[in-house]
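One letter stands for each residue in the lines below.
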Amino acid sequence: METLVKRNGFFPSVNTLFDDIFSKDVFDWTDKNFSSNGSNLPSVNLKETENKLEVELAAPGLKKEDFKIEIDNNMLMISSEKKEEKEETRKKDNYVRKEFNYQSFYRSFSLPEYVDESKVEASYKDGILHVEIAKKPGITKKKHQTITIK
């Protein structure tokens, strides 16, 4: 987390350089896909075609049973929880090792009013979750409009 720094001095570019070098953690390799609690949020591709909306979510290492997909009040919600426990013991060496892992994420997307929430298909293949939501027939997307500032 960066702190607010008041910059004074005759050479702000030099001050900024030294502040940036010495006030940042060199080993902080955080990514924008990481949430504030350190869990990894899967990357998502959103695509709109003439007949449907497509969502592709990158989640390798999961099974289709690990996902929960819901639509409620024009919101698409995709979540997953996975728990693993492994235990290894060797009585001869008086050795016990127990490891556990817990992964979860939650992503939500606001859907436009022209989608048909009753026509949703989902599949999971090669680490990618595919969700397709059909559009209602006869309803067209509102046209993009640029507003001139006076």
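The coordinates are above.
Residues numbered from 1 in each chain as written. Predicted model: local features only at pLDDT ≥ 70, side-chain atom pairs only at ≥ 80, totals over all residues. Heavy atoms only, no water.

Enquirer: Please explain the overall build of the chain as it appears in this structure.
Expert: The helix and strand inventory of the chain stands at one helix and seven strands. When the helices and strands of the chain are placed in sequence order, the string is α-β-β-β-β-β-β-β. A total of 150 residues make up the chain; the buried ones form 18% of that total. Partitioning the intrachain contacts of the chain with sequence separation of at least 6 by distance along the chain shows that 48% fall at a separation of at least 24. Surface accessibility of the chain: about 13,100 Å² in total, with carbon and sulfur atoms responsible for 51%. (Helix = DSSP H or I, 4+ residues; strand = E, 2+ residues; numbered from the N terminus. Buried < 20%, exposed > 50% of the residue type's maximum accessible area, 1.4 Å probe, protein only. Contact = heavy atoms within 4.5 Å. Areas by Shrake-Rupley, 256 points an atom, 1.4 Å probe, with all protein chains shown as cover.)

Enquirer: Help me understand the packing of aromatic side chains, please; the structure alone is not making it clear to me.
Expert: The description of an aromatic ring pair uses the distance of the two centres, along with the angle that the planes make with each other. Throughout the structure, instances matching the rule amount to two aromatic pairs. Geometrically, the ring pair formed by Phe67 and Phe105 is edge-to-face, given 6.4 Å between the ring centres and 65° between the ring planes. One end of the pair, Phe67, is in strand 3 (residues 67-72); the other, Phe105, is in strand 5 (residues 95-110), with 38 residues separating them in the sequence. As far as burial versus exposure is concerned, Phe67 and Phe105 are alike and both buried. (Phe/Tyr/Trp six-rings, centres within 6.5 Å; stacked < 30°, edge-to-face > 60°.)

Enquirer: So what exactly am I meant to see when it comes to the sheet that holds strand 7 (residues 128-135) here?
Expert: Within a beta sheet, neighbouring strands are joined by backbone hydrogen bonds and run either parallel or antiparallel to one another. What the four strands build is an open sheet, ordered 1-2-7-6; its pairing is antiparallel. Both outer strands of the open sheet, strand 1 (44-48) and strand 6 (115-125), are each paired with one neighbouring strand and no more. This sheet shows a mean twist of 15° between the axes of neighbouring strands, independent of strand direction. (Pairing = 2+ DSSP bridges. Axes fitted to C-alpha atoms, helices over the stretch in contact; angles between N-to-C directions.)

Enquirer: I tried to follow the environment of Ala58 on my own but got confused; where do I start?
Expert: Of note, Ala58 is situated in strand 2 (residues 52-58). Note: C-alpha distance between Ala58 and Ser43 (15 residues apart in sequence) is 5.5 Å.

Enquirer: Hey, could you run me through the pairing of strand 4 (residues 75-90) in this one?
Expert: Side-chain direction in a regular strand flips from residue to residue, so the side chains alternate between the two faces of the sheet. Examined bridge by bridge, strand 3 and strand 4 share six bridges and lie antiparallel to one another. Bridge assignment links Asp72 to a residue of strand 4, and that residue is Met75. As judged from the 16 bridges shared by strand 4 and strand 5, these two strands associate in the antiparallel manner. Its bridge partner being in strand 5, Glu88 is matched across the sheet by Arg97. Adjacent in sequence and paired antiparallel, strand 4 and strand 5 are bridged by four residues, among which Asn94 carries a positive phi angle near 55°.

Enquirer: Would you explain the environment of Gly138 in this entry?
Expert: By secondary structure assignment, the location of Gly138 is in the segment after strand 7. On the basis of relative accessible area, Gly138 is assigned to the exposed category, the value being 81%. Remark: the alpha-carbon pair of Gly138 and Tyr114, spanning 24 residues in sequence, is separated by 9.3 Å.

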